[in-house]
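One letter stands for each residue in the lines below.
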Amino acid sequence: MSVESKREKIAEFSLAQARRYQTAQEWGRSFPHYLVVGQLKPEIFRQQYLDDFLTVVGAFSLELEKDGKHNKVLQVYEQATEILPDHPKLNTNYASVLFKQGKTELAEKFLRKVLSQDPNYLLAKDRLENLASSLLDRWHFPMLNDRVRNSKFEKAIENRVKNGCDTVLDVGTGTGLLSLYAAKAGAKSVYACESSEVMAITAREVFEVNHELIINPSNNRFSNGINNSANNSRIKLIPKLSLDLTKTDVPEPIQLLITETLDAGLLGEHILTTLHHAWQTHLQYPSPGNPMAMPSCVIPCAADFYVVPIQCQQVHHSHSFIRQGLFYISTSFILNFFVKSFIKLDLQYLYQ
């Protein structure tokens with residue numbers, strides 16, 4: 001028996017088994033037999049059995065998901081896309097599975113692949129929009145549209161860069177706007193760090209469109225195969241929390257740090273911790289070892305923090321223990337303990 005005859009026989013057997021198990025709704029047994037048919041008879045498979053295969057893939061993955069076997073679901077789609085690498089519905093459904101499992105970058109990659117082949121494929125467009133809207137905080141949009149605020153940031157950054165601060169670290173770059181301001185002002189090198197995967201993806205695209213992205217060879221997650229370094233690009237995107245940055249990530253002293261890690265309460269995004277780490281690791285200031293060092297600058301360099309005392313009985317009662325006794329238990333020692341503790345804390349902070 002020739003090799004071709006053997007392939008025919010195996011394909012016929014696998015097809016019969018795949019359809020039999022599909023009829024019995026034994027999806028896990030039907031699936032591998034369809035894979036064999038797709039590998040051995042790709043043309044016939046695509047023309048006659050594609051819809052049946054997609055039905056099995058969907059039902060099998062749903063069954064695995066209900067059983068909590070999420071890694072198995074990914075394996076199913078990986079194997080399915082190997083024999084149907086360009087099928088729009090399969091790739092879109094794969095992206096949905098990836099998104100559910102928190103693999104947002106890979107999900108976006110598959111959706112964009114589908115849309116690059118068919119820009120009018122509505123299912124992929126809809127799911128890409130859902131992915132973006134569910135992961136991108138809406139408060140970014142009014143910030144980006146605040147021209148007064150943005151122009152002041154731009155002017156402050158330009159002034160510092162023009163006065164010699166030509167190495168810049170942008171902590172929490174977000175959409176990358178402040179890094180672009182620094183590059184536009186003529187900074188020699190700009191390091192933009194962002195810990196949010198979604199925002200880092202957004203920043204990467206913004207930098208690429210503006211021809212300012214330096215591809216980091218050690219980080220393939222953000223490599224698109226184009227080395228923009230040859231085009232005088234100055235922004236290096238680092239998808240990390242600023243506290244995790246090392247000398248390898250930022251190999252030179254930073255003369256200007258820019259950041260917007262400020263919330264409505266000023267300190268909620270841990271800006272003090274961020275700045276302390278930056279001064280210890282990346283910024284420079286005169287020291288015995290380098291007395292002539294030009295002190296680094298920070299934008300914004302200061303903030304006013306206003307505190308308004310209020311009196312509210314409801315808040316007071318919900319945060320204080322005022323009862324002298326609880327049934328037969330005396331609680332006076334608790335009150336004394338908290339009073340002494342608070343006085344001690346106040347004195348510690350006062351004399352630090």
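It should be emphasised that the depicted structure is a prediction, and the values quoted were computed from it without experimental measurement.

The subject of this paragraph is the confidence of the model for the protein. As a note on interpretation, predicted positions should not be read in detail where pLDDT is low. Overall, the predicted model of the protein reaches an average pLDDT of 84, with 85% of residues at or above 70. At the level of individual helices and strands, the protein shows its lowest average pLDDT in helix H15 (residues 332-351), which scores 47, and its highest in strand E1 (residues 167-171), which scores 97. Taken together, the stretch residues 217-230 has pLDDT below 50 and engages in 22 contacts with residues farther than four places along the chain or on a different chain. The low-confidence segment residues 339-352, where pLDDT is below 50, has 0 contacts with residues more than four positions distant or belonging to other chains.

Right, let's get into the pairing of E1. Of all 5 residues that make up E1, 5 are buried, and the element is covered over most of its length. The alternating pattern of E1 places Thr-167, Leu-169 and Val-171 on one face and Val-168 and Asp-170 on the opposite face, and all of these are buried. Pairing geometry for E1 and strand E2 (residues 189-193), over 5 bridges, is parallel. Following the sheet pairing, Val-171 is matched in E2 by Cys-193. As paired elements, E1 and strand E5 (residues 256-259) share 4 bridges and run parallel to each other. If you follow Asp-170 over to E5, its bridge partner there is Ile-258.

Neither face of E5 is exposed, since Leu-256 and Ile-258 on one face and Leu-257 and Thr-259 on the opposite face are all buried. As for the winding sense of the linkage, the β-α-β connection from E5 through helix H13 (residues 271-281) to strand E6 (residues 297-299) is right-handed.

Evaluation of the coordinates by the stated rule reveals 0 disulfides. Looking at Cys-297, it has no disulfide partner, and the nearest cysteine sulfur is the one in Cys-165, 4.0 Å off. Given a relative accessible area of 15%, Cys-297 falls into the buried group.

Conventions used here
- Residues numbered from 1 in each chain as written.
- Predicted model: local features only at pLDDT ≥ 70, side-chain atom pairs only at ≥ 80, totals over all residues.
- Heavy atoms only, no water.
- pLDDT = per-residue confidence, 0-100.
- Helix = DSSP H or I, 4+ residues; strand = E, 2+ residues; numbered from the N terminus.
- Contact = heavy atoms within 4.5 Å.
- Buried < 20%, exposed > 50% of the residue type's maximum accessible area, 1.4 Å probe, protein only.
- Pairing = 2+ DSSP bridges.
- Right-handed = clockwise from strand over helix to strand, strands pointing away.
- Disulfide = S-S within 2.5 Å.

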